[in-house]
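# Results of the structural survey
One-letter residues, chain by chain:
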Amino acid sequence: MAIRSLIINPGSTSTKIGVFDDETLVLDKTLRHSTEEITSFPSIVAQKDFRMNIILDALKENNIELSGFDVIVGRGGLLKPIAGGTYAVTDELEKDLEHGVQGEHASNLGGLLAREIGDRIGVPSYIVDPVVVDELIPVARYSGVPELPRVSIFHALNQKAVARRFAKEQGKAYDELNLIVVHMGGGCSVGAHRKGQVIDVFNALDGDGAFSPERAGGVPSGALIKLCFESGLTEKEVYRKVVGYGGFNAYLNTNDARDVDRMIDEGDSHAKEVMDAFIFQIAKNIGAESAVLKGQVDQIILTGGIAYDKYVTSALKDAVSFIAPVTVYPGEDELLALAQGALRVMNGEEEAKIY
């Protein structure tokens, strides 16, 4: 008998839901919320009942009974740093999601909604590999400034999902392999996966590694300090230069790699140079993580939306295939990755972790 799961992935202006029978997708819906609806709430947590009703209405419209679910899975939010895995939504985890222990984000609602629905129908609720997954080895935390340790914020859900996918296709276990996984989307993260743990990673949010469509990546610190004190910009304005309006946005006024490709096709030499610089920096990050793994790299995996770009993936293969073979898994399937995390627990392949 297939295990039926309800997957809930809340975003800032939408709630994506998926219904799976084992790994077979039965329903995939993106429930969109207007700015007016969202801004009417004083906080993200206050949106819970609003989003709950929309989810329940969508299931009813598609003739899917709540009583038919075996497990409910929510996208993990900004919790305290934790190791990767599938976590039961306990009282402690629920409390930290409600209080926004590391900040408010729509993904905090995932575990809260999963817990409420799961409790209502008497089935378990889980979160899987949230962005706060932290498996860094101690030396990876040093930045050179004690007050500014390096932190682990990256696309943990997709990185670990494609790493497990590759291992399964090779007939091996994830914890038997050394992998470098590159997620390329609005933000980019490059992680060194050693025997099932991401022991080093370039922070995908606000300070490490290659620039991306929306982020500046690692910038010259001295020049950044001068910008902060001499530009007249506020702290928020400087931060938005780094996160949101950095990278492709800053150079080319677009956060879409497909727009950059069109510019290149139309003969825009500056756009080509920006894209080549992006590839150059990603390749440097891969090279750095190969040193972290002491050259013992079984495979390099390219994933995320930009992995659909043949120019980018071909150039990266040319640059780094001397390190290890390269596999491309374009896009990201977060709903399936969340379902697979729950299935590993429900099928007895893993034990649910406790926060």
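As a reminder, the structure under discussion sits directly above these lines.
Structural notes, computed from the coordinates.

So, on to helix α10 (residues 269-292). In this model α10 runs 35 Å from its N-terminal to its C-terminal C-alpha over 24 residues, within 8% of the 34 Å that 1.5 Å per residue would give. Looking only at α10, the buried set comprises A271, V274, M275, F278, I279, I282, A283, N285, I286, E289 and S290. With a side-chain oxygen lying 3.0 Å from the backbone nitrogen of H270, the N-terminal cap of α10 falls on D268. Downstream of α10 by a residue or two, K294 has a phi angle that is positive, lying close to 55 degrees.

Take helix α6 (residues 221-230) next. Of all the 10 residues making up α6, 0 are buried; the element is thus mostly uncovered. G232 sits one or two positions beyond α6 and adopts a positive phi of about 80 degrees.

Below, the discussion takes up the packing of helix α3 (residues 91-99) against helix α4 (residues 108-121). At a minimum axis distance of 9 Å, the contact between α3 and α4 shows a crossing angle of 135 degrees. Looking at the two axes, α3 sits oblique to α4. α3 and α4 meet at a crossing whose hand is left-handed. Packed against α3, whose contacting residues are D91, E94, L97 and E98, the element α4 presents N108, G111, L112 and R115 at the interface. Of the residues that constitute the contact of α3 with α4, the class distribution is 2 nonpolar, 2 polar and 4 charged.

It is worth spelling out the sheet that holds strand β4 (residues 71-75) at this point. What links the strands of a sheet is backbone hydrogen bonding, and the strands pair in either a parallel or an antiparallel sense. Reading across from one edge, β3-β2-β1-β4-β6-β5 is the order of the 6 strands in this open sheet, with mixed pairing throughout. Of all the strands in the sheet, just β3 (24-32) and β5 (86-88) have a single pairing partner and so form its edges. Looking at each pair of strands side by side, their axes are set apart by 25 degrees on average, direction ignored.

This paragraph deals with the sheet that holds strand β7 (residues 178-184). In spatial order, the strands read β9-β8-β7-β10-β11; together these 5 strands make up an open sheet with mixed pairing. Two strands close off the open sheet at either side, each with one partner strand: β9 (197-201) and β11 (326-330). Here the strands of the sheet are splayed against their neighbours by 25 degrees on average, with no regard to which way each runs. Bridging between strand β10 (residues 299-304) and β11 involves 5 bridges; their strand directions are parallel. Following the sheet pairing, L302 is matched in β11 by V328. Along the sheet, helix α11 (residues 310-320) makes contact with β7, β10 and β11, crossing β11 at roughly 160 degrees.

Parameters at a glance
- Residues numbered from 1 in each chain as written.
- Predicted model: local features only at pLDDT ≥ 70, side-chain atom pairs only at ≥ 80, totals over all residues.
- Heavy atoms only, no water.
- Helix = DSSP H or I, 4+ residues; strand = E, 2+ residues; numbered from the N terminus.
- Expected span 1.5 Å × (residues − 1).
- Buried < 20%, exposed > 50% of the residue type's maximum accessible area, 1.4 Å probe, protein only.
- Polar contact = N/O pair within 3.5 Å; in protein donor to acceptor, adjacent residues only side chain to side chain.
- Axes fitted to C-alpha atoms, helices over the stretch in contact; angles between N-to-C directions.
- Parallel < 35°, antiparallel > 145°, perpendicular 65-115°, else oblique.
- Left-handed = near helix turned anticlockwise from the far one by under 90°.
- Contact = heavy atoms within 4.5 Å.
- Nonpolar A, V, L, I, M, F, W, Y, C, P; charged D, E, K, R; others polar.
- Pairing = 2+ DSSP bridges.

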